[in-house]
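The residues making up each chain are set out below.
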Amino acid sequence: MATNYWQSTHCLNWILEKEVVESSNRKDKQYISPDDVKRLRIHYTNLIQQLGVGLKIRQRAIATAIVYFKRFYIKNSFVDCEPRLISTTSLYLAAKAEECTTQAKKYVLKMREIDSTFPYDMHLILF
């Protein structure tokens, strides 16, 4: 761990300028407007929050999952990667990292309660 935050890898690699964030998701912007991309991010952030509260996961793990989700979609597009699967997987991973684990099967069951069209099973979350 760096003793100086400004020299840490977190600061150097993950504190992004607004222009970098707005220029991400080029492939998505071919199909929808930049405002709609922001709305998608907000929608799936709320979905992670709803899923985490439903599973009684600590807020710290939920916040970590939101960070994972947003970082993932800086480099990837919503078109290429299913956001419902990524949001569920990011919450599972964050819960493990924050040591408040729940079985992957419960994530799938709760996600299906929230969204009945969720087609994935626990094997894809663990893969």
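Check the entry above for the structure.
Residues numbered from 1 in each chain as written. Predicted model: local features only at pLDDT ≥ 70, side-chain atom pairs only at ≥ 80, totals over all residues. Heavy atoms only, no water.

## A word on unusual backbone geometry
- At Asn-25, a residue that is not glycine, the phi angle is positive and equals roughly 60°.
- You can see Asn-25 is positioned in the loop between α2 (18-23) and α3 (26-29).
- On the basis of relative accessible area, Asn-25 is assigned to the buried category, the value being 5%.
- For Glu-99, which is not a glycine, the phi torsion comes out positive at approximately 60°.
- When you line up the elements, Glu-99 lands in the loop between α6 (83-97) and α7 (104-114).
- Among the residues examined, Glu-99 registers a relative accessible area of 70% and is labelled exposed. (Helix = DSSP H or I, 4+ residues; strand = E, 2+ residues; numbered from the N terminus. Buried < 20%, exposed > 50% of the residue type's maximum accessible area, 1.4 Å probe, protein only.)

## Focus: a nonpolar patch on the surface
- A contiguous nonpolar surface patch, about 370 Å² in accessible area, is contributed by Tyr-5, Trp-6 and Ile-15.
- The topology assignment puts Trp-6 in the segment before α1 (9-14). (Patch = residues over 30% accessible without salt bridge, like charges linked within 9 Å, V, L, I, M, F, W, Y side chains within 5 Å. Areas by Shrake-Rupley, 256 points an atom, 1.4 Å probe, with all protein chains shown as cover. Salt bridge = Lys/Arg side-chain N within 4 Å of Asp/Glu carboxyl O.)

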